[in-house]
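Chains, contacts and geometry: an overview
Now for the letters of each chain:
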Amino acid sequence: MNQAQRMSAPLYELGSVAMVMDQMDMGFIHIHLDNNISIISFNDKFNSIAKKYNKSKSELSLWFSDLEREKIGNLINNQDNASVFESEERLDDGSLLKLEWAIKSSHSNFAILAVRDISWREKYKDQWLLFERIFHSSHSSVAITDANNRIIKVNKRFEELSGYRYEEVIGFDPGYFSSGRQDKEFYRNLWHSLINDGFWSGIIWNRRKDGREYPEQKTIYTVKNDEGEITNYFSSGTPVLYDDVTSLSASLAPCQSHSILGQEGIIGRINEHLNKQKDAITVFYIGIDKMNKLNRHGGIALGDHVIRTTLSRLTDTFTPKGLIARSVGDEFIVAAPYISTPDQAASVSQHLLETLRDSVEYQGIEWKFTVSIGIAIAQKTDRPKNIIESAHIAMHHAKEQGGNCSQFFDLQIQQEANDSILLEHELHNVLYKGELSLHYQPIINAKTGDIFSAEALLRWNSPKFGQVPPDRFIPLAEHCGIINDLGFWVVEEVCRQLARWGDHYKGSIAINLSAQQLQHTELAEHLKATLKSFNIPINRISLEITETAMIHDAQSAISVVKDLKTAGFLLSIDDFGTGYSSLSYLTGFQLDKLKIDRCFINKMMTESQDQLVTKAIINLAKSLGMKVVAEGVEDNEQQQLLCELGCDYLQGYLISKPLTNYDFYQFIASQNLLTDMEMVS
């Protein structure tokens, strides 16, 4: 950089720009808007990009085609102070250089450009498209900063709430949007939590571009690399609305310093209120959904992180007039002295569901969880302990409805709770009573229509309860600790049935593995011994693992899955797209097949985004050398589109419903007969 170029900009601006640019984890250039787009100064990141591609460090115009230079001129002349555009260039080796530029005018004749090398996106185009759609579809305002807390990416919801466009905020410290309502002590505590705990959650007052202030429920996380160094900060926020729901919730909220009570403590406080006041009091019993899965998938440390986050969100949401207690494990009690009608309680519970279900980030992975809420309203004559128990029963009823909802206590709920206890008792004895059976759903080759495999599906016919749906008894089996026994029974029964069918069926059978089974270090040896006892070749068994099962204690699971792979088992990931969809886990498990969840198949004919996601998943699987199975195929149009997208195998009611072992044998026989007739003709 020569002296003339240095003198062409005010010294105070050069100093501030250089100071900021040196901290950035992206290429930054301070330019003079002359014919050559002369470079005044740049940071190390830009220098490394220029070196890598042998580009000029003095004249930026040499980086662009005539059309791109004209585009820059138009951006500058239209007096828009910030814009984003991309440039492309085919290099001598045939590869494509693709850069993303953000230009911001600093004052007359000068501007600042940020540049990122995005050439890698071409290689992972489908995956990047999937990420972009998910990122911008979020209802939360999301901002990602680098290690120096400078913004590198925001989503569309951020733009809507703040009034700023992405190109206007790139490179900014988020503190730029502060309203000034919160003092330095507030931000010192925020950063202390971020550095020491890895996250912070609370309400921040920000200022929009038009000057208006707004409160936002914000959660911020640190992102670290494999060496434990902070590389990014990730924030997600939702606006706190000024409406009846929020004012009701705010009327409950304890201050930040309010202590968390125990169960006995909150019983005493509720009793005091009922003795002194005439008003009713509402008790909310809150339980984190599927906490055992979170603990299995991410370890106990993740569970602790989720509990701390939930407590933090509760204390940030409620005022001193409310009472918060930690009950047991992943359960919390909130008592609201001034919520006395069902309508008010329903409004507050809905607000709580929205507040508490925001995802959290832990060890570089975004974890989603929800809560279930039970509600009971205590009158003056009620005993606090009984009211808490009633809210507890209602919470469990909400969980049985699938979670992520609230339920009021009533006598019918109590009866259903009693039924669940009886169901669990029966489940403990189900293996000894011969009440379980397997059904088999065929899987066919998408091109030829030949039977390729079948999935074994567990069924329970109870003398007391009749046909119990799997989505009811499987969670109960996980909860009461007998899921492994059921899983191993399924393996033995499949082997027994394959032996009976003999040469009449030569395909494989897919068996689902639970997360708990993946924690058995001797699982491969156990399965091999079972197959050997029935003289079943290993390639006749395909093992299906859900995404969530793979996340649990990943290192241990990877070791077990590698043992299964080494033993010769075919491995599939089930319900892909509904869980965490982590590419690092997908590549680490050496899988053979990927099953697209039925939720995408059901909507892909009517929803263009679901069709794009389905295509992206298929391309992703192909790029990793995996075969693709689509489940839930119900009509010919879905079949045709999936074949066009390159799907390998199809499963669903279009082919066949799940069949008993006898009906499956008949299905095989009819298919074989049809094939023989075709060969004769």
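Read on for a plain summary of the structure. Everything numeric in this text was worked out from a predicted model, so none of it was measured. (Residues numbered from 1 in each chain as written. Predicted model: local features only at pLDDT ≥ 70, side-chain atom pairs only at ≥ 80, totals over all residues. Heavy atoms only, no water.)

**With respect to the packing of helix 11 (residues 263-276) against helix 15 (residues 384-400)**
The geometry of helix 11 relative to helix 15 is characterised by a closest axis approach of 9 Å and an angle of 120° between their N-to-C directions. Here the hand of the crossing between helix 11 and helix 15 comes out right-handed. In this structure, helix 11 uses Ile266, Ile267, Ile270, Asn271 and Leu274 to contact helix 15, whose residues at the interface are Pro384, Lys385 and Ile388. A breakdown of the residues in the contact of helix 11 with helix 15 according to their chemical character gives six nonpolar, one polar and one charged. (Axes fitted to C-alpha atoms, helices over the stretch in contact; angles between N-to-C directions. Helix = DSSP H or I, 4+ residues; strand = E, 2+ residues; numbered from the N terminus. Left-handed = near helix turned anticlockwise from the far one by under 90°. Contact = heavy atoms within 4.5 Å. Nonpolar A, V, L, I, M, F, W, Y, C, P; charged D, E, K, R; others polar.)

**Let's talk about the packing of helix 19 (residues 483-501) against helix 20 (residues 523-533)**
The contact between helix 19 and helix 20 brings their axes to 10 Å, and the two run at 30°. Comparing the axis directions of helix 19 and helix 20 gives the class roughly parallel. In the crossing of helix 19 with helix 20, the sense of the turn from one axis to the other is right-handed. Two secondary-structure elements touch here, helix 19 through Phe488, Val491, Glu492 and Cys495 and helix 20 through Leu523, His526, Leu527, Thr530 and Leu531. In the contact of helix 19 with helix 20, the residues fall into six nonpolar, two polar and one charged. (Parallel < 35°, antiparallel > 145°, perpendicular 65-115°, else oblique.)

**Things to note about helix 20**
If you check which residues of helix 20 are buried, you get Leu523, Ala524, Leu527, Thr530 and Leu531. Buried positions in helix 20, seen along its axis, are confined to an arc of 130° and lie on one side of it. Exposed side of helix 20, more than 90 degrees from the buried face: Lys532 and Ser533 are the residues found there. (Buried < 20%, exposed > 50% of the residue type's maximum accessible area, 1.4 Å probe, protein only. Arc of directions from axis to C-beta.)

**What about the pattern of salt bridges?**
Tallying each qualifying case throughout the model produces 14 salt bridges. Of the charged contacts, one joins Lys399 and Asp289 as a salt bridge, the two residues approaching to 3.3 Å between their closest N and O atoms. Of this pair, Lys399 sits in helix 15 while Asp289 sits in the loop between strand 11 (281-288) and helix 12 (291-298); the two residues are 110 residues apart in sequence, bridging distant segments of the chain. Its relative accessible area of 25% is what places Lys399 among the partly exposed residues. A relative accessible area of 9% places Asp289 in the buried class. For Lys464, the salt bridge is made with Glu426, and the minimal N-O distance between the two is 3.3 Å. Residue Lys464 is located in the loop between strand 19 (451-462) and strand 20 (466-468), and its partner Glu426 is located in helix 16 (residues 411-428); the two are separated by 38 residues in the primary sequence. When its relative accessible area of 7% is taken as the criterion, Glu426 is described as buried. A network of salt bridges, in which partner residues are shared, links Glu455, Glu544, Lys595 and Glu631. (Salt bridge = Lys/Arg side-chain N within 4 Å of Asp/Glu carboxyl O.)

**Section: the packing of aromatic side chains**
Evaluated as defined, the whole model comprises 10 aromatic pairs. Between Tyr505 and Phe664, the ring centres sit 5.4 Å apart and the planes meet at 75°, which makes this aromatic pair edge-to-face. Of this pair, Tyr505 sits in the loop between helix 19 and strand 21 (508-513) while Phe664 sits in helix 27 (residues 661-680), and the two are 159 residues apart along the sequence. Judged by relative accessible area, which is 0%, Phe664 ranks as buried. (Phe/Tyr/Trp six-rings, centres within 6.5 Å; stacked < 30°, edge-to-face > 60°.)

**Brief notes about the sheet that holds strand 17 (residues 406-408)**
Across the sheet, which stays open at both edges, the five strands sit in the order 12-13-11-16-17 with mixed pairing between neighbours. Every other strand in the sheet has two partners, leaving strand 12 (323-326) and strand 17 as the edge strands with one partner each. On average, each strand axis in the sheet is tilted by 20° relative to the strand beside it, whichever way the strands run. Sheet strands in contact with helix 11 are strand 11, strand 12, strand 13 (331-336) and strand 16 (371-378), and its direction is about 155° off that of strand 12. Across the sheet, helix 15 is in contact with strand 11, strand 13, strand 16 and strand 17; its angle to strand 16 comes to roughly 145°. (Pairing = 2+ DSSP bridges.)

**A look at the nonpolar core**
Ranked by size, the top nonpolar core spans 73 residues in total, and within it Val494, Ile509 and Leu564 carry the most contacts. In terms of residue count, helix 19 provides more of this core than any other element does, nine residues in total. Apart from the residues within four sequence positions on either side, Val494 is in contact with Leu438, Tyr440, Ala456, Ile509, Ile511 and Ile541. Ranked by size, the runner-up nonpolar core spans 50 residues in total, among them Tyr164, Ile324, Leu352 and Ile365. (Core = buried A, V, L, I, M, F, W, Y, C linked by side-chain atoms within 4.5 Å.)

**Let's talk about the pairing of strand 19**
Across nine bridges, the pairing between strand 18 (residues 436-445) and strand 19 is antiparallel. Its bridge partner being in strand 19, His439 is matched across the sheet by Leu457. Hairpin connection between strand 18 and strand 19: a loop of five residues separates the two successive antiparallel strands, and Gly449 in this loop has a positive phi of roughly 80°. Direction of pairing for strand 19 relative to strand 21: parallel, over a ladder of three bridges. Paired with Ser453 across the two strands is Ser508, which belongs to strand 21. The pairing of strand 19 with strand 20 spans three bridges and is classified as antiparallel. Along strand 20, the bridge assignment pairs Asn461 with Gln467.

**Quick word on unusual backbone geometry**
Positive phi is not limited to glycine here, since Asn149 has a value of about 60°. Relative to the helices and strands, Asn149 resides in the loop between strand 6 (141-146) and strand 7 (151-154). Even without being a glycine, Asn404 presents a positive backbone phi close to 55°. For Asn404, the position within the fold is in the loop between helix 15 and strand 17.

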